[in-house]
Amino acid sequence: QVQLVESGGGLVQAGDSLRLSCAASALTFSAYYMGWFRQAPGKERELVASITWNGGTTYYADSVKDRFTISRDNAKKTVYLQMNSLKPEDTAVYYCAARRATIYNYWGQGTQVTVSS
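Note that the structure is a prediction, hence the values are computed from the model and not measured.

Student: I'd like to hear about the side chain of Thr111, residue by residue, with values.
Tutor: Mapped onto the elements, Thr111 comes out in strand β11 (residues 111–116). Thr111 sits in the buried class, given a relative accessible area of 11%. Setting aside residues no more than four positions away along its own chain, Thr111 makes contact with Glu6, Ser7, Gly8, Gly9, Leu20, Ala92, Val93 and Tyr94.

So, in structure tokens, the structure goes:
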């Protein structure tokens, strides 16, 4: 059974940094594109960042560009999201997800990130 398990969330102050991790199991990890999504209360889930199977291409939402960095370690079956200069508007539940084609079909349970002002 495929599992994606996020960790690294927490409560921080504006300007601080956090690094989220997402460990995959029962998945041919290196064959999957990986993404980080977030959902704030009352808002739709949004794609924050994504990375191709070999890490060669990344995507970032405009709201996090130049502050967040997505990376992956295929040997460890783990994808990371380094978040710097955090803002209160970054507060959300962060989810990692995996896709082979156009649809993200595997999701983690989420990790809460709260940024206080």
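Okay, back to it.
Student: Could you give me a rundown of unusual backbone geometry, with the residues and numbers involved?
Tutor: Its identity is not glycine, yet Asp66 carries a phi of approximately 75°, on the positive side. Exposure remark for Asp66: the relative accessible area of 79% places this residue in the exposed category. Notably, Lys77 is not glycine yet its phi reads approximately 55°, a positive angle. Examined against the element boundaries, Lys77 turns out to sit in the loop between β7 (68–73) and β8 (78–83). Among the residues examined, Lys77 registers a relative accessible area of 33% and is labelled partly exposed.

Student: How would you sum up the pairing of strand β3 (residues 18–25)? Please name residues and give values.
Tutor: In this structure, strand β1 (residues 3–7) lies alongside β3, joined through five bridges in antiparallel fashion. Residue Glu6 lies in a different strand from β3, and its bridge partner there is Cys22.

Calculation notes
- Residues numbered from 1 in each chain as written.
- Predicted model: local features only at pLDDT ≥ 70, side-chain atom pairs only at ≥ 80, totals over all residues.
- Heavy atoms only, no water.
- Helix = DSSP H or I, 4+ residues; strand = E, 2+ residues; numbered from the N terminus.
- Buried < 20%, exposed > 50% of the residue type's maximum accessible area, 1.4 Å probe, protein only.
- Contact = heavy atoms within 4.5 Å.
- Pairing = 2+ DSSP bridges.

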